[in-house]
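# Results of the structural survey
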Amino acid sequence: MRIALSQLTTGPEPEKNLLLIEEWTRRAADAGARVVVFPEASMACFGTPLTPLAEPLDGPWADGVRRIARDAGTVVVAGMFTPAAEGRVTNTLIATGPGVEASYDKIHLYDAFGFRESDAVAAGSAPTVIDVDGVRLGLATCYDIRFPELFRAHADAGAVATLLAASWGAGPGKAEQWELLARARALDATVWLAAVDQANPDPGADTGPGSAPTGIGHSLVVGPDGTVRHALGAEPGLLPADLDVDEVTAVRQRISVLANRRPEVWG
């Protein structure tokens, strides 16, 4: 299966960001991608007041994504914000296109490195998988990458890959952690891990504790054996990649971490 990761930089205006999604989806479809994955916060970048712009999954912004996917004939996965209780929002991935209509609400909220996502965002509570051309794919968002249980849940549900959308926070050591975690999650669930981040909007910007996570780039595709197969730098770019479904079976025969688990020990 050919996918594409669209490493772009979104701004605070959802309408302008939708035009970017349309442009990059056309580019991905022209490259033969059956799925194109956009970053977390594709609707509007972090640092923007989220409650006033949040829309339901049947609202105009999500319908715009559906139109783009339909016109391109490819599945689009993109990060948006939907309304939640008590004036908060949900950090949501919409997945839409031929034969696919699903969403995932980010389970693990980024209350770390001086930033408190939970002040404005309500947590999701359930994993999501989608099927594209008979291939099952899990969905994940940014800080989820630090929690291996979600990726193993995708594998247990039959997924051979996880598509992860991020707007990764910058700072000392964060780029190294991003790659390390992507490789670890692929290896400990023996899945393909395709992780797309927002491109770095300003490499010279202040990124001290509490800064909004606006992306560092370095999107990558990791094989089920934990090796990096494709990667981008910090700048905007499109990363097409072919995922070999049969390789997952072969790796799981050699590296039997899923079969060798002892859930009765850990509860």
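Preceding block: the structure.
Conventions we followed
Residues numbered from 1 in each chain as written. Predicted model: local features only at pLDDT ≥ 70, side-chain atom pairs only at ≥ 80, totals over all residues. Heavy atoms only, no water. Salt bridge = Lys/Arg side-chain N within 4 Å of Asp/Glu carboxyl O. Buried < 20%, exposed > 50% of the residue type's maximum accessible area, 1.4 Å probe, protein only. Axes fitted to C-alpha atoms, helices over the stretch in contact; angles between N-to-C directions. Helix = DSSP H or I, 4+ residues; strand = E, 2+ residues; numbered from the N terminus. Parallel < 35°, antiparallel > 145°, perpendicular 65-115°, else oblique. Left-handed = near helix turned anticlockwise from the far one by under 90°. Contact = heavy atoms within 4.5 Å. Phe/Tyr/Trp six-rings, centres within 6.5 Å; stacked < 30°, edge-to-face > 60°. Lys NZ or Arg CZ within 6 Å of the ring centre and 35° of its normal.

### Some details on the pattern of salt bridges
One pass over the full model with this rule turns up 18 salt bridges. Ionic pairing is found between R136 and D131, a salt bridge with its closest N-O pair at 2.9 Å. For R136, a relative accessible area of 29% corresponds to the partly exposed category. The network of salt bridges with common partners includes E22, R67 and D71.

### Some details on the packing of helix α1 (residues 14-30) against helix α2 (residues 60-72)
Between α1 and α2, the shortest axis-to-axis distance is 10 Å and the interhelical angle comes to 15°. Here α1 is positioned roughly parallel relative to α2, judged by the angle of their axes. Seen along the crossing, α1 lies across α2 with a hand that is right-handed. Counting all contacts with α1, which are made through P14, L18, I21, E22, T25 and A29, the residues of α2 involved are W61, G64, V65, R67, I68 and A72.

### Quick word on the packing of aromatic side chains
Where two aromatic rings form a pair, the distance of their centres and the angle of their planes describe that pair. A complete count under the given rule lists seven aromatic pairs for this structure. Measuring from ring centre to ring centre gives 6.4 Å for F46 and F115, while their planes differ by 80°; the resulting arrangement is edge-to-face. Separated by 69 residues along the polypeptide, F46 in the loop between β2 (35-37) and α2 and F115 in strand β7 (residues 115-116) bring together distant segments of the chain. F115 shares its class with F46; the two are buried. Note on Y110 and F115: the rings are 5.7 Å apart at their centroids and 35° apart in plane angle, and the pair reads as tilted. Given a relative accessible area of 10%, Y110 falls into the buried group. Through a chain of ring-to-ring contacts, the aromatic side chains of F46, F81, Y110, F113, F115, Y143 and F147 assemble into a single cluster. The residue whose ring lies beneath R27 is W24, and the NZ or CZ to ring-centre distance is 4.5 Å. Positioned above the aromatic ring of F113, the side-chain terminus of K174 is 4.4 Å from the ring centre.

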